[in-house]
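# Secondary and tertiary structure notes
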Amino acid sequence: MTAKILNGAAVAQQIKQRVATRVAELAERNLKPGLAVVIVGSDPASQVYVGSKVKTCEALGLYSEKHTLPEETTTEQLLALVEQLNQRDEIDGILVQSPPPAHINERRIIEAIDPAKDVDGFHKINAGLLMQGSSEALIPCTPAGVIEMLDHYQIPIAGANAVVIGRSDIVGKPMAMLLLHRHATVTICHSRTKNLPEVTRRADIVIAAIGRKAMITGDYIGEGAVVVDVGMNSASTEEEVRHIFPDEEIPKRLEALQKRGSTLVGDVEPRSVVERASYLTPVPGGVGPLTIAMLMQNTVKAAERRRLL
Ligand code: NDP
């Protein structure tokens, strides 16, 4: 079997189109959803993520503002900014880019964000609402995007055996909850799971959210399974590229290595998995673009809830 590659960028484009249409309708009612993005320090990857969030807001007609704070910002100073943003009516969404510098107490920051403006869906109120399956929850963007992708390709979730590898609060756990609410039989795996390949081989849907470069090889995948690769890692040698990617992808990847010194790799090894899966999400162009699209959708949802209801 050769897997069909799922086009996350195209699905994200459709969601963004939907959001832009809604933003235009809201504009007629004098409502412009607003997102404040806060970044502490100068981590280059975080700068890129924040930049693309702000750019997407502009493209879809949302108001956005970026707050760049110096590396030495204290938790108290960051809390003060969050409090100001909580108070401003035109700000519907507040996002503090993760990870902040190590001296910042990230949990305190997340819990200080007004849950109604918590467009990342990380606040304990939203985590609790998600657990209960409440439509009021603001749902973390990456797992919400995975569900959109599965739905777009009409991949059945109800009754499926779904294995989520990873149990973080931002991806693995909410992913498992969303699949459960859609009536999948869900297994959550992590670093202490015994015989992981044996568990994953029984799955109809495998979601890899591990943060380990190309760890999930064909041996982990049952014939015909759907494989969603959430991971974002990088490969930086020609040997890795030749080992990880299918032959037809190697020239493009080597070119990226030459230009940038590295190329983006997920938690899945496409070279072997593509031979066993029925569907596979690529990296890049899979889950990543959906995450930003869902952030835009959450911001509009937050604005409607706060200002229309
Ligand atoms: P975390 O590091 O918070 O969690 C990783 C999880 O993987 C943990 O639960 C850990 O288990 C588990 N794990 C680690 N090693 C193994 C192993 N050998 N076998 C089985 N399980 C293992 O990562 P995140 O959830 O934040 O992110 C996961 C990946 O997704 C990363 O690559 C990240 O970059 C990417 N990501 C991509 C996004 C996107 O937009 N595409 C958005 C967010 C994340 P344990 O709990 O036991 O330690």
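Residues numbered from 1 in each chain as written. Predicted model: local features only at pLDDT ≥ 70, side-chain atom pairs only at ≥ 80, totals over all residues. Heavy atoms only, no water.

### Side note on the sheet that holds strand β6 (residues 185-189)
We apply this condition: Strands are treated as partners if at least two bridges between them are detected by DSSP. For helices the rule is a DSSP run of H or I covering at least 4 residues; for strands it is a run of E covering at least 2, with both sets numbered from the N terminus onward. The contact definition used throughout considers only heavy atoms, calling two residues in contact when any of these lie within 4.5 Å. With axes taken as lines fitted to C-alpha atoms, and helix axes fitted only over the stretch in contact, angles between N-to-C directions fall between 0 and 180 degrees.
Across the sheet, six strands lie side by side as β1-β11-β8-β7-β5-β6; this open sheet has parallel pairing. Taken across any chain shown, the strands that pair with only one partner, and hence form the sheet edges, are β1 (4-5) and β6. Two elements, strand β5 (residues 161-165) and β6, share five bridges in a ladder whose sense is parallel. Bridge assignment links I165 to a residue of β6, and that residue is C189. Where helix α7 (residues 172-181) meets the sheet, its contacts fall on β5, β6 and β7 (205-208), and the angle it forms with β5 comes to roughly 170°.

### Things to note about the domain arrangement of the chain
Applied cut-off: Source of the domain bounds: an automatic or database domain assignment.
Per the domain assignment, the segments making up the chain are domain 1 (29-115) and domain 2 (141-288). Of note, the centres of domain 1 and domain 2, computed from C-alpha atoms alone, are 29 Å apart.

### As for the pairing of β5
To be explicit about the condition: Exposed residues in this analysis have more than 50% of their type's maximum accessible area, buried residues have under 20%, and partly exposed residues fall in between, with area computed by a 1.4 Å probe over protein chains only. For the handedness criterion, the strands are oriented away from the viewer, and a crossover whose path from the first strand over the helix to the second runs clockwise is classed as right-handed.
For β5, a buried count of four out of five residues is recorded, marking the element as mostly surrounded by other parts of the structure. The handedness of the β5 to β6 crossover, carried by α7, is right-handed. Here β5 pairs with β7 via four bridges, running parallel. Looking across to β7, one finds that A162 is bridged to I205.

### Quick word on the sheet that holds strand β2 (residues 34-40)
Spatial strand order, β3-β2-β4: three strands in an open sheet with parallel pairing. Strand pairing shows two members of the sheet lacking a second neighbour, β3 (63-69) and β4 (93-96), which therefore form its edges. The average angle at which neighbouring strand axes cross in this sheet is 15°, direction not considered. The pairing of β2 with β3 spans seven bridges and is classified as parallel. Bridging across to β3, V37 finds its partner in K66.

### Focus on the site of the ligand
Note the cut-off: Distances are taken per atom, and a residue is near a molecule or strand as soon as one of its heavy atoms is within 4 Å of it. Pairs of N or O atoms are called polar contacts if they sit within 3.5 Å, as long as, within protein, a hydrogen donor faces a hydrogen acceptor (for residues adjacent in sequence, only side-chain-to-side-chain pairs). Per-residue accessibility takes into account occlusion by the displayed protein chains alone, with areas from the Shrake-Rupley method and a 1.4 Å probe.
Taken together, 22 residues sit near the ligand, with R167, S168, S191, M232 and T291 positioned nearest. In this structure, R167 approaches the ligand through a side-chain N or O atom, which is 2.7 Å from an oxygen atom. For the ligand, an oxygen atom lies 2.5 Å from a polar atom in the side chain of S191. For the ligand, whose unbound accessible area comes to 930 Å², protein coverage reaches 71%. In terms of residue count, the dominant contributor to the shell around the ligand is helix α12 (residues 287-307) (three residues).

### Re unusual backbone geometry
Omega for the bond connecting S98 with P99 falls within 30 degrees of zero, at -5°, which places this linkage in the cis form. As for its placement among the helices and strands, P99 is situated in the loop between β4 and α4 (106-112). Phi is positive for H183, which is not a glycine, with a value near 75°. Position of H183 relative to the elements: it lies in the loop between α7 and β6. The phi torsion at A214 lies on the positive side, around 50°, for a residue other than glycine. Examined against the element boundaries, A214 turns out to sit in the loop between β7 and β8 (226-229). Judged by its relative accessible area of 10%, A214 is buried.

### Considering the environment of L180
Along the chain, L180 falls in helix α7. L180 sits 18 residues away from A162 along the chain, and the two C-alpha atoms are 8.9 Å apart.

### Notes on the nonpolar core
Heads up, the rule is: Residue types Ala, Val, Leu, Ile, Met, Phe, Trp, Tyr and Cys, when buried and joined through side-chain atoms within 4.5 Å, form a set referred to as a nonpolar core.
Counting residues in each nonpolar core, the largest one holds 56 residues, and the members touching the most others are L179, I207 and M296. Ranked by the residues each element gives to this core, the list is headed by α12, at 10 residues.

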